[in-house]
Each structure stands twice: as C-alpha cells, then as structure tokens.
Amino acid sequence: MKELLRAGCELLTENKNIISKNFQWDMEMMAITGAVIHTSAGKTVDIERLKECKKILKKHQGVFSAFRSNMEIPVISKMAISDDPEGYLIKLLNVYNVMSKGKIFDSEYMAMAALAICDESLDGQYEIISENTKTLLKMMSKIHPMLTSGEDTAFAALLSASGKTFDQIIDETEYCYNVMKRKFSYHNNAVQSLSHVLTLMPGDAQAKCDRVSAIYDALMTKGVTYGKDYELASLGALVTVDMTPEELAGEIAEACTFLKGCKGFGDWSLGKKTRAMFAALLAAQAFSPNSVVMDTSILSTSLAMVIAEEVCLMCCTMAVVSTSTSN
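As a starting point, this report considers the structure included with it. Remember, predicted model here, so these are calculated numbers, not experimental data. (Residues numbered from 1 in each chain as written. Predicted model: local features only at pLDDT ≥ 70, side-chain atom pairs only at ≥ 80, totals over all residues. Heavy atoms only, no water.)

**Regarding the side chain of Glu172**
Line of reasoning, step 1. Considering the arrangement of structural elements, one finds Glu172 in helix H9 (residues 166-183).
Line of reasoning, step 2. Owing to a relative accessible area of 13%, Glu172 belongs among the buried residues under this scheme.
Line of reasoning, step 3. Beyond its immediate stretch of four places on either side in the chain, Glu172 contacts Lys164, Leu198, Thr199, Gly203, Ala205 and Lys208. (Helix = DSSP H or I, 4+ residues; strand = E, 2+ residues; numbered from the N terminus. Buried < 20%, exposed > 50% of the residue type's maximum accessible area, 1.4 Å probe, protein only. Contact = heavy atoms within 4.5 Å.)

**Quick look at the packing of aromatic side chains**
Each aromatic ring pair is described using two quantities: the centre-to-centre distance and the angle formed by the ring planes.
Line of reasoning, step 1. All told, the structure shown has 2 aromatic pairs when counted by the stated rule.
Line of reasoning, step 2. Note on Phe67 and Tyr96: the rings are 5.0 Å apart at their centroids and 75° apart in plane angle, and the pair reads as edge-to-face. Of this pair, Phe67 sits in the loop between helix H3 (47-60) and helix H4 (72-80) while Tyr96 sits in helix H5 (residues 85-99), and the two are 29 residues apart along the sequence. Each member of the pair Phe67 and Tyr96 is classed as buried.
Line of reasoning, step 3. The interplanar angle of 90° and the centroid separation of 5.0 Å between the aromatic rings of Phe184 and Tyr216 together place this pair among those described as edge-to-face. One end of the pair, Phe184, is in the loop between H9 and helix H10 (188-200); the other, Tyr216, is in helix H11 (residues 205-221), with 32 residues separating them in the sequence. (Phe/Tyr/Trp six-rings, centres within 6.5 Å; stacked < 30°, edge-to-face > 60°.)

**So, the packing of helix H2 (residues 28-40) against H4**
Line of reasoning, step 1. For the pair H2 and H4, the least separation of the axes is 8 Å and the interaxial angle reads 20°. Relative to H4, H2 is oriented roughly parallel. As for how H2 packs across H4, the hand of that crossing is right-handed. In contact with Met30, Ala31, Thr33, Gly34, Ile37 and His38 of H2, H4 contributes Ile73, Pro74, Ser77, Lys78 and Ala80.
Line of reasoning, step 2. A per-class count over the contact of H2 with H4 returns 6 nonpolar, 4 polar and 1 charged. (Axes fitted to C-alpha atoms, helices over the stretch in contact; angles between N-to-C directions. Parallel < 35°, antiparallel > 145°, perpendicular 65-115°, else oblique. Left-handed = near helix turned anticlockwise from the far one by under 90°. Nonpolar A, V, L, I, M, F, W, Y, C, P; charged D, E, K, R; others polar.)

**Things to note about the environment of Cys262**
Line of reasoning, step 1. Checked against the element boundaries, Cys262 lands in the loop between helix H12 (245-260) and helix H13 (272-287).
Line of reasoning, step 2. Placed 245 residues apart in sequence, Cys262 and Asn17 show a C-alpha to C-alpha distance of 9.7 Å.

**Topic: the pattern of salt bridges**
Line of reasoning, step 1. Summed over the entire model, instances satisfying the criterion amount to 11 salt bridges.
Line of reasoning, step 2. Between Arg68 and Glu72 there is a salt bridge, with the nearest N and O atoms lying 2.9 Å from each other.
Line of reasoning, step 3. The class of Arg68 is buried, set by a relative accessible area of 11%.
Line of reasoning, step 4. For Asp217, the salt bridge goes to Lys183, with nearest N and O atoms at 2.6 Å. Note that Asp217 is positioned in helix H11 and Lys183 in helix H9, a separation of 34 residues in sequence. (Salt bridge = Lys/Arg side-chain N within 4 Å of Asp/Glu carboxyl O.)

**Digging into the side chain of Lys16**
Line of reasoning, step 1. Take Lys16: it is sitting in helix H1 (residues 3-22).
Line of reasoning, step 2. Under the relative-accessibility criterion, Lys16 is labelled buried at 2%.
Line of reasoning, step 3. Sequence-distant contacts of Lys16, defined by excluding residues within four places in its chain, comprise Glu28, Ala31, Ile32, Ala35, Lys263, Gly264 and Phe265.

See the structure below:
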C-alpha cells in the first residue's frame, strides 16, 4: 500500500477512535463520518475544540434542529476544522435557511446539502443554487419518480453548483444511469446516485462508465466484496485516479485488510462492504489529481463526505426502524 493511502487509513482510524471514546452515546457510523471530515482536512481530532463546537451548536440550535441528533457530529466536525467555528455555523445556518425556504419541517438531507455546498466559494449565489437544486430535483423526480427522494438533495445541490446547465446535467446523468444499470441490475436507486457522482466528475460519460466497470471487476478479482447498494456511488469518485484498475484495486484491497485489523472497522463493527467503501473513499482522496479545469481532489473530498454522511444517515434510520419494530 502506498504511503499516502496508509497515512490516510491511520489518521481515519485514530480520529474515529478519539470521537467514539468521547461521544459514546452517538451512532458509531456518525463517529466515522466525523473522522472522514477531519481526515479529509488532514487533521487529527482536537477533542476539546470539538466539544466547544458542540456547545456553540447547542447555543444556536434547539434539540429538534436538523443539525442536532444524527447530523450533530458531522456539523461540529466541519466547525472544528474551520478557522472560525461560530462563523462557519452562522454561514451554514444562513445557507440552510435559504435552501429550506417554504419548508415547514427541518430536513436532515437539506442540512446535508447545505453542508455540501457551504465550503464552496459561492457567497451571494446560494439563492440561485437553492432554486436550481429544487428545479433539478423536480426534473429528476419527473424522470424517475420511484427513485428520486430527499436522499438526492445533496447531490442535486452539488450538481447545481457545478456550472453545468440543467440539460447537460440531466442528459449526462441519464446516459450514465442507462449504461450502469446494465452492469448493476436490480440496484437502480444506487445506480442513480452513482450517475450523479459520475456527472460531477470531469471527463467523457462513456469513458467514466467504462472506468467504473473496470474498477469494480478488478476489485472482484482481488477478492474485495464491494456492495451494490449505498456503497456503489463511491466508485464514481475513483474515475480520475491515474492508476490502472488493477493497481487501484490492489491499493483498495490492502487498505481493506489494514482497516479490518483496526478497532471499529472489523466485521462485527462495520462489515466488509462498508469497510471497502471507506477504503475506496480514502483512495479517492489520496490519489485524485488536481486539474486545470477542475480540482478533482477537492471534489473527491466533498463527495467522500457527502457519501459518508448519506450512508450514515441511512444506517441510523435503519437502526431506529429496527429498534422500533423489535420493541
């Protein structure tokens, strides 16, 4: 395993364990999301700073806020890695208020969308991005009414901020969706998320689809069990990595083996499919190149955080439903 990826694995596990130790009542998957956010910034968790950020969040938001509960650790983690935690939160809340205008209830997916675009240099454009996000979601829902939901909000927000027109976005996402659903039959919801990620990445649509297929096949050859559900979108973040599919799959396989031996990432804690997804996200962050046209390393980092947050929200929801059913 290349040193850059190994360093990312080590920092992720260290950060996850720091958060888990000090926020014991929160979901383990949210601890990993907080760890992903810190690791993406190349920082070790400063637990005192994180706790101070939690106090600031509680000062500004009540217990029923979309930024509390499941979203709390991602939010305070983003605050902690910023130069001005309270200033970051105020900006985030302003973005959220713009995006949720007209909504009666708070939404965790809308909060995630606000987090996704808050770091972009888009001051003064949030009203436009908010309206474009809503328009794009309506267009997506018209094409795929059974697939499009609140889970797509963060990707729609990133697509709205990408500089592409509605027609360009819809045409490319549909092209990628139709190509990839032949590869991953009966996983249409995951394929739609993957098509969003591929549209965000630079390059020719067919070439990106071919690249995903080749990477997936190489992972299977290396013995990596890669999920075809919520994990699938993360493969899209790998399409710009300048390695052969076989070399990249080898790196991810080694990262999986490394993470499996770490506390909180074994089969009992995480599961091999989710572990492989985080290994792939770490590889995307470690190896994605910078481009004159687009800083793909920054984009991959943003996608990593959005995908991790979406996975965690889904897992938390499933856990709550399972607990309610058993009770």
